[in-house]
Amino acid sequence: MSAPCAGIIRDVEDKSAFLALMMASWGSHSMMIGVHVYDCAELDLLGVFAPDGEAMAYASWTMRGDVALLCALHSVAPGQGAAIQLLDAVKAAAKAKGAVKLRAMLTNDNLPGLVFYQKCGFRFSGLYVEAIDAYRSVVPTIIKTGYQGLPVRDALELEIEL
């Protein structure tokens, strides 16, 4: 993994840049984890920012019981360690709120995300075949093809003990 980033972590109040990134990447700022839909516009948002104030990564997350749910983790500056720094911050914040696990949901095409999460210690905990196809009935703007032209159809759940 990349060397630790020296970015500044802070809560993000103005979510407009993050929500625009979600729309461009995913076609929606609503995310599904398990069978629940979460609107990232309504969730806690952490960001890592360069000393000049430029965003390097964003993480939208919430709690469900004693499980923290990572609804979205986007690196705006890949390869600089910002996503790792931010993931560590989410883990710490979740533990402080009583979480015993952190769960993330990825689409089948997100191969870079699968590599990232597994290198960070996450394990597979669920597979939802055709979940994204079904989710499009709720949010029809979700992209149909993703990374390297792969069809976006299924959801993969990963989690890590805290």
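All figures in this text were calculated on a predicted structure; none of them were measured in a lab.

Conventions we followed
Residues numbered from 1 in each chain as written. Predicted model: local features only at pLDDT ≥ 70, side-chain atom pairs only at ≥ 80, totals over all residues. Heavy atoms only, no water. Helix = DSSP H or I, 4+ residues; strand = E, 2+ residues; numbered from the N terminus. Rg over C-alpha atoms; globule rule 2.2 N^0.38 Å. Contact = heavy atoms within 4.5 Å. Core = buried A, V, L, I, M, F, W, Y, C linked by side-chain atoms within 4.5 Å. Buried < 20%, exposed > 50% of the residue type's maximum accessible area, 1.4 Å probe, protein only. Patch = residues over 30% accessible without salt bridge, like charges linked within 9 Å, V, L, I, M, F, W, Y side chains within 5 Å. Areas by Shrake-Rupley, 256 points an atom, 1.4 Å probe, with all protein chains shown as cover. Salt bridge = Lys/Arg side-chain N within 4 Å of Asp/Glu carboxyl O.

Asks: Looking at this structure, how should I read the overall build of the protein?
Replies: A count of helical and extended segments in the protein gives four helices and nine strands. Overall, the protein shows an N-to-C arrangement of helices and strands of β-α-β-β-β-β-β-α-β-α-β-α-β. In terms of C-alpha radius of gyration, the protein reaches 15 Å, essentially the compact-globule figure of 15 Å for 162 residues. Overall, the protein is about 40 × 30 × 30 Å in size when its C-alpha atoms are taken along their principal axes.

Asks: Could you clarify how one ought to interpret the environment of Asp66 in this entry?
Replies: Looking at the element boundaries, Asp66 is found in the loop between β5 (55-64) and β6 (67-75). Placed 31 residues apart in sequence, Asp66 and Lys97 show a C-alpha to C-alpha distance of 8.3 Å. Setting aside residues up to four positions removed in sequence, Asp66 forms contacts with Gly98, Ala99, Val100 and Lys101.

Asks: Would you mind showing me how to read the nonpolar core here?
Replies: Nonpolar side chains in soluble globular proteins generally cluster together in the buried interior. Of all hydrophobic cores here, the largest spans 31 residues; its most connected members are Leu70, Leu102, Phe116, Tyr117 and Phe122. Put simply, the parts of the chain that give this core at least two residues each are β4 (44-49), β5, β6, α2 (82-96), β7 (101-107), α3 (111-119) and β9 (155-161). Sort the elements by how many residues they give to this core and α2 lands first, with eight residues. Dropping the residues within four chain positions of it, Leu70 is found in contact with Ile33, Ala59, Ser60, Trp61, Leu87, Val90, Leu102, Arg103, Ala104, Met105 and Tyr117. Of all hydrophobic cores here, the second largest spans 27 residues; its members include Val12, Leu69, Met105 and Ile142.

Asks: What should I look at first to understand a nonpolar patch on the surface in this one?
Replies: On the surface, Leu111, Tyr147 and Leu150 cluster together to form a nonpolar patch covering roughly 230 Å² of accessible area. Position of Tyr147 among the secondary structure elements: in the loop between α4 (131-135) and β9. Of the residues examined, Tyr147 reaches a relative accessible area of 35% and is grouped as partly exposed.

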